[in-house]
Amino acid sequence: MPAPADLDPRLLRAFVAVAEELHFTRAAARLHLAQQALSRDIRRLERELGAELFLRTTRQVTPTADGERLLPHARRVLAAQDELLAAFGQPRPLFVDLNSPGLATGRRVLHRARELAPDCELMARYESGLTGAAAELLAGRLDASFGRFAGLDAALRSGLEQQPVRYEPMAVVLPEDHPLAALPRVPLAALAGQEVYAGAGNPRTPEWTDLAGRLFAAHGVRLAAPGPLAVGEEEFERIMAKTGHPVLAVVDFPPMPRTVRRPLVDPVPLSPVSPVWRKGTAHPGLDALRRAAALISRAEGWLRLPADAWIPAADEQTMRVGR
């Protein structure tokens, strides 16, 4: 069968949604379509291409070899269409992951970007960690996130780009009756032999647990075993009271009831933070986000390393390369 003279981008958008969701109902909800209409679009696309794109059973949907071959081309066509429409009208919203509510670095960059690009809609999302967000970035369901780029698997990094914005000093969150809570700053040596929680077992934040493990190994601190993931202030407070474990955080970690947050010193451990986005993303909102990151970083001196800084060599190299 000869190749079609042209293809309706709407059909390609339907195909990409099904290929990413691997589920017709979820894909239809994502596109705000009836499932029957989505199925018709996929069948029409298959007829026009003369190829079966999905294997469908009652339990699962999987792309065929032709479907796998079509996917990268379809994504490029849709990205070009989005770029063209943005050049001549209102661009689609830019979805920006801030990890968790209350964290200051990403939130400040996002607010500044909204000032720089008032005609763009920049929407906040909360994916918990950069590893969790990376899959969403690569699938096109998210446009940007923040976090430790060097902590991602190489396979994930290969499809992403970054721009260093901050070496964020790390802190420890302590129960208010903890013996170290009376100190204004906590030397790392004071935590030697103690168990400190750093997200072990959370599949969305292994880059954070890895950074903590490197820090703890160098200073005799024990990484607390995986525990139930606490979501929300009440659960955080309850789990912390139950275990008594200090929690590794950053200096801008939001206040939590019945806890204190203390900077870590001697040395000052740093968490490297970058905005991260999918390679090839073209959007005026992303341009504004990158400008905002550069402006705030320069004004605040966020990329200056203190004399007694601690940071893994691989992270420092990654941050240098990304500047």
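In what follows, the structure referred to is the one given above.
All values derive from a computational prediction rather than experimental measurement.

Caption draft 1: Representation of the packing of aromatic side chains within the structure. For the structure on display, the rule yields 2 aromatic pairs. When the centroid spacing of 5.4 Å and the interplanar angle of 40° are considered together, the rings of F15 and F54 count as tilted. Separated by 39 residues along the polypeptide, F15 in helix α1 (residues 9-21) and F54 in strand β1 (residues 54-56) bring together distant segments of the chain. The pair formed by F15 and F54 is uniform in burial state, with each residue classed as buried. Here F54 falls in the buried class, since its relative accessible area comes to 0%. Counting every residue linked through ring pairs, the aromatic cluster contains F15, F24 and F54.

Caption draft 2: Examining the pattern of salt bridges more closely. Taken as a whole and judged by the stated rule, the model has 20 salt bridges. Across the pair R112 and E115 runs a salt bridge, and its minimum N-O distance is 3.2 Å. You can see R112 and its partner E115 sitting in helix α5 (residues 104-116), 3 residues apart, about one turn around the helix. Residue E115 is classed as exposed on the basis of its relative accessible area of 55%. E316 is the partner of R320 in a salt bridge, and the nearest nitrogen-oxygen pair spans 3.6 Å. Separated by 4 residues within a single helix, R320 and E316 lie in helix α11 (residues 313-322), roughly one turn from each other.

Caption draft 3: Broad picture of the side chain of S274. As for its position among the elements, S274 is in strand β13 (residues 268-278). Here Q162 takes part through its side chain, which lies 2.6 Å from a polar atom of the side chain of S274. Leave out the neighbours within four places in its chain, and S274 touches S145, F146, G147, Q162, Q163, P164, V165 and M319.

Caption draft 4: Fine view of unusual backbone geometry. Note the cis peptide between D266 and P267, where omega equals 0°. Here P267 is to be found in the loop between β12 (259-265) and β13. A positive phi angle is found at L22, which is not glycine, with a value near 55°. Note that L22 resides in the loop between α1 and α2 (24-31). We classify L22 as partly exposed; its relative accessible area is 38%. A positive phi angle is found at R258, which is not glycine, with a value near 60°.

The rules behind the values
- Residues numbered from 1 in each chain as written.
- Predicted model: local features only at pLDDT ≥ 70, side-chain atom pairs only at ≥ 80, totals over all residues.
- Heavy atoms only, no water.
- Phe/Tyr/Trp six-rings, centres within 6.5 Å; stacked < 30°, edge-to-face > 60°.
- Helix = DSSP H or I, 4+ residues; strand = E, 2+ residues; numbered from the N terminus.
- Buried < 20%, exposed > 50% of the residue type's maximum accessible area, 1.4 Å probe, protein only.
- Salt bridge = Lys/Arg side-chain N within 4 Å of Asp/Glu carboxyl O.
- Polar contact = N/O pair within 3.5 Å; in protein donor to acceptor, adjacent residues only side chain to side chain.
- Contact = heavy atoms within 4.5 Å.

So yeah, pure geometry; function would need other evidence.
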